Amino acid sequence: MILEQFRIVEGVEQINKNMPRQSFVYACVSYLFVFPIFRFLFRGQTKGISNLPNTGGVVIVSNHGSHLDPPILGHALGRPVAFMAKSELFNVPILSFIISACGAYPVKRGAGDREALRNASNRLIEGWATGVFLDGTRQENGRVNDPKAGAALLAARTGSPILPVAIVNSHRAFPKGSLLPRFVSIHLRVGELIQPPKTRKREDLTSTTKEIKKSIKSIGKISDDISKKVKEQYEENPYPRWVAMGIAPRAKSIKFLVELLELRDCLLYTSDAADE
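Q: Quick question: what am I supposed to make of the overall build of the chain here?
A: Broken down by element type, the chain carries 11 helices and eight strands. Across the 276 residues that make up the chain, the buried fraction comes to 45%. Within the chain, contacts between residues separated by at least 24 positions form 71% of all contacts whose residues are at least 6 apart in sequence. Counting every atom, the chain has about 15,600 Å² of accessible surface; 56% of that belongs to carbon and sulfur.

Put into structure tokens, the structure is as follows:
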């Protein structure tokens, strides 16, 4: 036990100094595949990226609405982000090489949380930004509904700061059970760093988990300025409501179609904010 604590303390020192080099495979997957899809097909935007540390281990925690979240979160923040993956995937030759180069680490089905926690801790000590979904599984409404304390425990074990990230609209872009995506705009909103829990006691982990949930919910809400802009655009729009929602039978120009899609997305954000 004492030896394990010593290793954790030693790891914290390494976290502050090291960052893994971006592999060639990771760069190809990121810049030639994931980023273009996120930026152009889903008209993706990232706000608050300056809150992400350039070096050292950091626990990136977000909501989870679809299968799009891991690749987007892992490649749209500007630095490598490691995620856990089923151990079976590492038995596939080519796929194993790709996901390993992208920072994934294996987790066996049915294995306890200890192994996953140990693997994630090692990634943080190596200097990786390590991604964790606060609910642990996809949520149909894309929000944080049942937060788990795993992210807080991981931060407490390694002394790594926590970075909350809100993924907006991924649950609409690729709903649970859907076979094909819908090209709805996806936004990433990065919050301010949260310090790790002081101890591994339940009350400290619970308190930090609540703080993470509150931060994700706050940065995920539409701003008052955007709400005002949407209202003005909607009132000035001469077309019926069903056209304003982006379901026009014809569009006179690409520019007009893009404006309709953006207006629809803003109305969707406003709807989410109103629900809460």
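Q: I'm lost on the pattern of salt bridges in this one. Help?
A: When charged atoms on two side chains of opposite charge get close, those side chains can pair. Per the stated rule, a full pass over the model turns up two salt bridges. Close ionic contact of Glu-126 with Arg-123 constitutes a salt bridge, the shortest N to O distance being 3.7 Å. Taking the shortest distance from any N to any O, the salt bridge between Asp-146 and Lys-148 comes out at 3.1 Å. Asp-146 sits in the partly exposed class, given a relative accessible area of 45%.

Q: How should I be thinking about unusual backbone geometry in this particular structure?
A: Excluding glycine, a negative phi dihedral is what most residues carry, and trans is how most peptide bonds are arranged. Of note, the phi angle at Arg-43 is positive, near 45°, even though the residue is not glycine. Its location among the elements puts Arg-43 in the loop between α2 (24-41) and β1 (45-47). The backbone phi angle of Asn-169 is positive, close to 85°, even though this residue is not glycine. Positionally, Asn-169 belongs in the loop between β7 (162-168) and α7 (170-173).

Q: Looking at this structure, I do not really get helix α4 (residues 93-101). What am I missing?
A: In an α-helix, one turn spans 3.6 residues; hence positions three or four apart end up facing the same way. All of the buried residues along α4 are Ser-96, Ile-99 and Ala-101. A positive backbone phi angle near 95° is found at Gly-103, which sits one or two residues after α4.

Q: Can you walk me through the environment of Ser-160 in this structure?
A: On the secondary structure map, Ser-160 appears in the loop between α6 (150-158) and β7. The buried category is assigned to Ser-160, whose relative accessible area is 0%. Note: C-alpha distance between Ser-160 and Ile-194 (34 residues apart in sequence) is 9.4 Å. A distance of 2.8 Å separates the side chain of Ser-160 from the side chain of Thr-158, its partner in a polar contact.

Q: Help me understand helix α8 (residues 202-220) in this model?
A: Compared with the 27 Å implied by 1.5 Å per residue over 19 residues, the 27 Å span of α8 between its first and last C-alpha is a close match. Looking only at α8, the buried set comprises Leu-205, Thr-208, Thr-209, Ile-212, Ser-215 and Ile-216. Burial along α8 is one-sided: seen end-on, the buried residues are contained in an arc of 125°. Residues of α8 that are exposed and point over 90 degrees away from its buried face: Glu-203, Lys-210, Lys-214 and Ser-218. Where α8 is buried, its residues meet β2 (58-62), α6 and β7.

Q: Sorry if this is basic, but what is going on with the sheet that holds strand β6 (residues 129-133) here?
A: Backbone hydrogen bonds are what pair the strands of a sheet, in a parallel or an antiparallel way. Spatially, six strands are ordered β1-β8-β7-β2-β6-β3 in an open sheet, and the strand pairing comes out mixed. Whereas interior strands pair on both sides, the edge strands pair on one side only; in this sheet they are β1 and β3 (81-82). Where β2 lies against β7, four bridges are found, and the strand directions are parallel. Its bridge partner lying in β7, Ile-60 is registered against Leu-163. Against the sheet, α6 makes contact with β2, β6 and β7, and its axis sits at roughly 170° relative to β2, the strand it touches most.

Q: Is there a simple way to explain the pairing of strand β8 (residues 187-190) in this structure?
A: Along any regular strand, the residues point their side chains to alternate faces of the sheet. Of the two faces of β8, the one lined by His-187 and Arg-189 and the one lined by Leu-188 and Val-190 are each fully buried. Relative to β8, β1 runs parallel, the two sharing three bridges. Along β8, the bridge assignment pairs Thr-46 with Leu-188. Bridge count between β7 and β8: four bridges; the pairing is antiparallel.

So, how was this worked out
Residues numbered from 1 in each chain as written. Predicted model: local features only at pLDDT ≥ 70, side-chain atom pairs only at ≥ 80, totals over all residues. Heavy atoms only, no water. Helix = DSSP H or I, 4+ residues; strand = E, 2+ residues; numbered from the N terminus. Buried < 20%, exposed > 50% of the residue type's maximum accessible area, 1.4 Å probe, protein only. Contact = heavy atoms within 4.5 Å. Areas by Shrake-Rupley, 256 points an atom, 1.4 Å probe, with all protein chains shown as cover. Salt bridge = Lys/Arg side-chain N within 4 Å of Asp/Glu carboxyl O. Polar contact = N/O pair within 3.5 Å; in protein donor to acceptor, adjacent residues only side chain to side chain. Expected span 1.5 Å × (residues − 1). Arc of directions from axis to C-beta. Pairing = 2+ DSSP bridges. Axes fitted to C-alpha atoms, helices over the stretch in contact; angles between N-to-C directions.

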